[in-house]
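# Coordinate analysis (summary)
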Amino acid sequence: MSSDQVIDLLRKAYSDEIETVMNYQTNAIVLDGVRAEEIKESLQQDIQEELTHAEQLGQRLKQLDARPPGSAEFTARQDSLQPPEDSTDVLAVINGVLDAEEDAIDTYRSLIDAAEDADDPVTEDLAVTILSDEEAHRTEFRGFKKEYQKE
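Model, not experiment: these values are computed from the prediction. All residue numbers refer to position in the chain's written sequence, counted from 1. Selection of residues for local features in this predicted model requires a pLDDT of at least 70, selection of side-chain atom pairs for listing and counting requires 80 or more, and totals for whole chains, interfaces and linings are taken over all residues. Where side-chain values are given, they derive from all heavy atoms of the structure, hydrogens and water being excluded.

A count of helical and extended segments in the protein chain gives four helices and zero strands. Beginning at the N terminus, the succession of helices and strands in the protein chain can be written as α-α-α-α. Only the C-alpha atoms count toward the radius of gyration. The rule for a globule is 2.2 Å times the residue count to the power 0.38. For a compact globule of 151 residues, the expected C-alpha radius of gyration is about 15 Å, and the protein chain comes in at 16 Å, within 12% of that figure. In terms of its C-alpha atoms, the protein chain occupies a principal-axis envelope of roughly 50 × 30 × 20 Å. Working definition: helices are DSSP H or I runs of at least four residues, strands are E runs of at least two. Numbering for both runs from the N terminus.

Next up, the structure:
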């Protein structure tokens, strides 16, 4: 039997992944300029990974006799990942991605702890796997930030 905290964190993580997909897609569309191309390509590649995470989280919720949240239950929280007014402000998008990744990392660490406390090794393993992906993405965007701050 899983704890309510595990279910709540799985639902939060699912919503966060879906919101990230929306924001990555929008930013990949609206960014302009030669300097934006590498960031746009990275965001496009990460969209599929984030969708896969959402699918995995949703399936885990189903296995635990719960369900992922629908759009009526959704509350947007990624304020810093909104598309910038200046479509060439690539650094704003990079910082927004880093904020979203930090939040995701915190959520997955909490989920790992909650799953361990609930004696739920399957959820714990899923959270560890996704955490690794999120940390890799954060590392990539930290590198982008270093490059943009040099200029």
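Note on aromatic pairs: each is described by the distance of the centres and the angle between the planes. Pairs were defined over the aromatic rings of Phe, Tyr and Trp, the Trp ring being its six-membered one, requiring ring centres within 6.5 Å. Orientation was assigned from the angle between planes: stacked under 30 degrees, edge-to-face over 60, tilted for the rest. For the structure shown, the criterion picks out one aromatic pair. Between the aromatic rings of Phe141 and Phe144, the centroid separation amounts to 4.9 Å while the plane-to-plane angle is 90 degrees, which identifies the pairing as edge-to-face. Taken as a pair, Phe141 and Phe144 lie in helix H4 (residues 121-150) at a separation of three residues, close to a single helical turn. Accessibility classification places Phe141 together with Phe144 in one group, the buried group. Think of it in three bands: residues with accessible area under 20% of the maximum for their type are buried, residues over 50% are exposed, and the middle band is partly exposed, with areas taken using a 1.4 Å probe on protein chains only.

For this analysis, a nonpolar core means a set of buried residues of the types Ala, Val, Leu, Ile, Met, Phe, Trp, Tyr and Cys, connected via side-chain atoms within 4.5 Å. Val6, Leu10, Leu57, Tyr108 and Leu111 are the most contacted members of the largest nonpolar core, which totals 23 residues. Here the element with the most residues in this core is helix H3 (residues 90-117); it accounts for seven residues. Throughout, a residue-residue contact means that at least one pair of heavy atoms, one from each residue, lies within 4.5 Å. Discounting residues that sit within four places of it in the chain, Leu111 has contacts with Val6, Leu9, Leu10, Thr123 and Ala127. Counting 18 residues, the second-largest nonpolar core is a separate cluster that includes Val21, Leu31, Val93 and Val97.

On the secondary structure map, Phe74 appears in the loop between helix H2 (37-63) and H3. Taking C-alpha positions, Phe74 is 21 Å from Ala127, a pair spaced 53 residues apart along the chain.

The subject of this paragraph is H2. Its 27 residues place the ends of H2 40 Å apart at the C-alpha level, agreeing with the 39 Å of an ideal helix rising 1.5 Å per residue. Just downstream of H2 lies Asp65, where phi reads positive at about 60 degrees. What a helix is expected to span follows from its residue count: subtract one and scale by 1.5 Å.

The grouping of Glu38, Glu41, Glu140 and Glu147 at the surface amounts to a negative patch. When contributions to the negative patch are tallied by element, the ones reaching two or more residues are H2 and H4. In this structure, Glu147 sits in helix H4. Patches were defined on residues exceeding 30% relative accessible area and lacking a salt bridge, with like-charge contacts within 9 Å and nonpolar side-chain contacts (Val, Leu, Ile, Met, Phe, Trp, Tyr) within 5 Å. Using the Shrake-Rupley algorithm and a 1.4 Å probe, accessible areas are obtained, with residue cover drawn only from the displayed protein chains. Each salt bridge in this description consists of a side-chain nitrogen of Lys or Arg and a carboxyl oxygen of Asp or Glu lying within 4 Å of one another. Asp and Glu are treated as the negative residues and Lys and Arg as the positive ones, with His and the ends of the chain left uncounted. A charge is said to be at NZ when it belongs to Lys, at CZ for Arg, at CG for Asp and at CD for Glu.

The next subject is the environment of Leu43. Inspection of the secondary structure puts Leu43 in helix H2. According to the relative accessible area criterion, Leu43 is buried, its value standing at 0%. Ignoring any residue separated from it by four or fewer positions in sequence, one finds Leu43 in contact with Tyr24, Asn27, Ala28, Val93, Val97 and Phe141.

Below, the discussion takes up the pattern of salt bridges. Within the structure shown, the criterion is met by ten salt bridges. Notably, a salt bridge pairs Glu135 with Arg109, separated by 2.6 Å at the nearest N-O pair. Here Glu135, found in helix H4, pairs with Arg109, found in helix H3; they are 26 residues apart in sequence, far enough to count as distant. Within this structure, Lys12, Asp16, Arg77 and Asp103 form a network of salt bridges that share partners.

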